[in-house]
Amino acid sequence: MTSEIKITPLGAGQDVGRSCILLTIGGKNLMLDCGMHMGYNDERRFPDFSYITNEENERLTEHLDCVIISHFHLDHCGALPYMSEMVGYDGPIYMTHPTKAICPILLEDYRKITVERKGEENFFTSEMIKNCMKKVVAVNLHETKQVDEELEIKPYYAGHVLGAAMFHIKVGQQSVVYTGDYNMTPDRHLGAAWIDKCRPDLLITESTYATTIRDSKRCRERDFLKKVHDCVEKGGKVLIPVFALGRAQELCILLESYWDRMNIKVPIYFSLGLTEKANHYYKLFITWTSQKIKKTFVQRNMFEFKHIKPFDRAYIDNPGPMVVFATPGMLHAGLSLQIFKRWAPNDHNMVIMPGYCVAGTVGHKILNGARKLELENKQILDVKLSVQYMSFSAHADAKGIMQLISQCEPRNVMLVHGEAAKMDFLKNKIQQEFGIDCYKPANGETVTIETIHNIQVDIPLPLLKREASKTGLLPPDVKRPRVLHGALVMRGNRLQIIDPSQALKEMGVDEHHLRFTSTIAIEEDGPTNKAAEKIYQLVKRKMKDFPIHYSSDGSISISDSVLIQVSGDDDEAKSVLVSWSHQDEDIGSFLLQLLREDPSLVQAV
Ligand code: ZN
Ligand code: ZN
């Protein structure tokens, strides 16, 4: 049976940002993530939902069976209140418990920056965020959730950030895995992603670091600590832009223990607000963190720091060295950008970008070597401070992506959440190593995947045994397909092959017998019973596994249903009649061939 799975990215197609993928599977329509793009301030920041609705003012509810959110990063959930409350969607939204708890806080922060600081209108309100969250159904790891009678989803641990999950989506025998963002190596505060060998028809995976195989973590960490230490020793200030949750906690744990070890007195600050809340959530969802954190948590709260103090805006111009963690991570708005503007003109200072920056953000610009930036007020900012990049992002690298493919054994792979040029490299690698198709659609481009599925049919053992005895084969052998005689019966939603006579009995009808006969002429001119005897010996030799009976009137029967009758006068050519029922077609044709071709019988010309 073949059917189709259709996928159209509305965002994250050959791009990082605005993750939003439409999936049609087994007649169900799903939206995977509903993110915003940090690189845009116009309508391109949200997915184009008019792609789904056919007419204006139509609601999304009629076109979508459910929405799944992989994790709380805004590039995966930032458009959610806009979609549900402003475009209009009342169906279920699935996410894990930590994501459900943290997501509204980040959405509210995003709303504040956009509306209150940038003064934008026609944006979603706090009320809308609340109403949107009411539509959320929280799910547990490894718990199969029935969206409706046919559609089921199951979340798996993705590492990456607190609460991040990959989703296995299943309708009948068709299934898709959507990874969201994930990390295949455990870090200081989270475990590694893991999934069952679920053999989906399609694996949709992020590919942020498609071409990177990152050097060992320890090297990166040593490098990071040395850079920070060198800068503060010379009296410089270090800015580390971070997301409120995720790498921030990881780097704090790292710096805290280094400061302790090296007995450094330089202050480390962390911008308040989100951080406090963030740590609160780590405590709340401790089961989602790494094994090590869980163990040490009993003795000491890993998220309460001795050296790291809350930051106050007034500290920006304090003299002397300091290290500041500030949000957001890509320097596109907020406190991190504010600090950056003040510290950028001094070449003693340093900014360390610990993760990927989306095109269009200040972070992306300076990482690409921009040394003069135009600010909103048309002023030019001279970037003299040292710009460093350390990949601490918790994304899978090329090796990790290949690992996940081996783990779940998909039939097809689709790359999203990455750059087109880098995807090509990985695409070739996947096709070569696994021999499966790999796709990388752009936004708005639809990929159709044909799925082939076997239909399960039950066959009672006696029926299989009887067939095996006829052909002399042990059941079953995929390399030697053969005909099985039986009646296909559907009971409830189960298919079963039963003995035809049993099927007839159950239906209360008489069997209609169909017999075939064929005559072959042979030049055996001795006595008739001698010719019959000769044929009997031949058949017995060639069909060892069959019950064969020879009677004195010169007729031979095989399995009680195939009959051979030799007739004609002694000393003349004979004719051999072969008769078989429709159930023994294979035996009948075998016999005809045998009688026509065996060299021991002289054929009539
Ligand atoms: Zn993410
Ligand atoms: Zn992402």
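Note: the structure precedes this text.
Just so it is clear, the structure is predicted and the values come from calculations on it, not from any experiment.

Cut-off values and rules
- Within each chain, residue numbers correspond to sequence positions counted from 1 in written order.
- As they are written, the chains are lettered A onward and the ligands numbered 1 onward, keeping that order.
- Only residues with pLDDT of at least 70 are given local features in this predicted model, and only at 80 or more are side-chain atom pairs given and counted; all residues enter the totals for whole chains, interfaces and linings.
- Heavy atoms throughout the structure, all of them, feed into the side-chain values; hydrogens and water do not.
- Space inside and on the surface of the protein is sampled on a 1 Å grid over the protein atoms alone, with a cavity defined as a set of points where a 1.4 Å probe fits but cannot get out and a pocket as an open set with protein on both sides within 12 Å along at least 5 of 7 lines; lining residues have an atom within 4 Å of a point.
- Grid points are joined across faces, edges and corners, and a volume is the space filled by probe spheres set on the points.
- Gly is placed with the polar residues, together with every amino acid not listed as nonpolar (Ala, Val, Leu, Ile, Met, Phe, Trp, Tyr, Cys and Pro) or charged (Asp, Glu, Lys and Arg).
- In short, DSSP must find at least two bridges between two strands for them to pair.
- By definition, any uninterrupted DSSP run of H or I lasting at least four residues is a helix, any uninterrupted run of E lasting at least two residues is a strand, and each is numbered from the N terminus.
- Here an axis means a line fitted to C-alpha atoms, over the contact stretch when the element is a helix, while the angle between two N-to-C directions is reported on a 0 to 180 degree scale.
- Note on donors: an N, O or S atom is included if it sits within 2.8 Å of the metal, or within 3.2 Å for Na, K and Ca, and water is never included, so sites can look incomplete.
- Each residue is assigned to one of three classes by its accessible area relative to the maximum for its type, calculated with a 1.4 Å probe on protein chains only: buried under 20%, partly exposed between the two thresholds, exposed over 50%.
- Geometry of aromatic contacts follows a simple scheme: Phe, Tyr and Trp rings, the Trp one being its six-membered ring, pair when their centres are within 6.5 Å, and the pair is stacked under 30 degrees between planes, edge-to-face over 60, tilted otherwise.
- Two conditions define a charge sitting above a ring: the NZ of Lys or the CZ of Arg must be within 6 Å of the ring centre, and it must be within 35 degrees of the ring normal.

1. A closer look at the layout of surface pockets
In this approach, a probe sized like a water molecule rolls over the atoms, and the result shows the empty space that is left.
Here comes step 1: Volume-wise, the second largest pocket comes out at about 450 Å³.
Here comes step 2: Around the second largest pocket, the lining comprises 23 residues; the ones closest to its centre are Pro47, Asp48, Phe49, Tyr82 and Val87.
Here comes step 3: Across the lining of the second largest pocket, the residue classes break down as eight nonpolar, five polar and ten charged.

2. Focus on the sheet that holds strand S29 (residues 562-567)
Here comes step 1: In space, the five strands of this open sheet follow the order S26-S30-S29-S28-S27, with antiparallel pairing throughout. In the strand order of this sheet, the two ends are held by strand S26 (515-522) and strand S27 (548-550), each with one partner. With strand direction ignored, the average angle separating the axes of adjacent strands in the sheet is 15°.
Here comes step 2: Relative to strand S30 (residues 574-581), S29 runs antiparallel, the two sharing five bridges. Across the sheet, Ile564 pairs through a bridge with Val578, a residue of S30.

3. With respect to the coordination of the zinc ion (ligand 2)
Here comes step 1: Asp75 (OD), His76 (NE2), Asp181 (OD) and His417 (NE2) make up the full set of protein donors to the zinc ion (ligand 2), lying at 2.2 to 2.3 Å.
Here comes step 2: Look at where the donors of the zinc ion (ligand 2) fall in the sequence and you get D-H-x104-D-x235-H.
Here comes step 3: Here the zinc ion (ligand 1) and the zinc ion (ligand 2) are spaced 3.4 Å from one another, each receiving a donor from Asp181. Placement of the pair is Asp75 in helix H1 (residues 74-77) and Asp181 in the loop between strand S10 (174-178) and strand S11 (202-206), with a sequence separation of 106 residues.
Here comes step 4: Accessibility expressed as a relative area gives 10% for Asp75, which makes it buried.
Here comes step 5: With a relative accessible area of 2%, Asp181 lands in the buried category.

4. Focus on the pairing of strand S24 (residues 487-491)
When a strand is regular, its side chains alternate between the sheet's two faces.
Here comes step 1: Strand direction decides the pairing type here: S24 and strand S25 (residues 494-498), joined by five bridges, are antiparallel. Directly across from Ala487, in S25, lies its bridge partner Ile498.
Here comes step 2: Counting the residues in the hairpin turn of S24 and S25 gives two residues, including Gly492, whose phi is positive at 60°.

5. What to know about the packing of aromatic side chains
Here comes step 1: Applying the stated rule across the entire model yields 16 aromatic pairs.
Here comes step 2: An aromatic cluster is built from Phe46, Phe49, Tyr82, Tyr110, Phe123 and Phe124, whose rings are joined through pairwise contacts.
Here comes step 3: In this arrangement the basic side chain of Arg45 is found over the ring face of Phe46, its NZ or CZ atom lying 5.5 Å from the centre.

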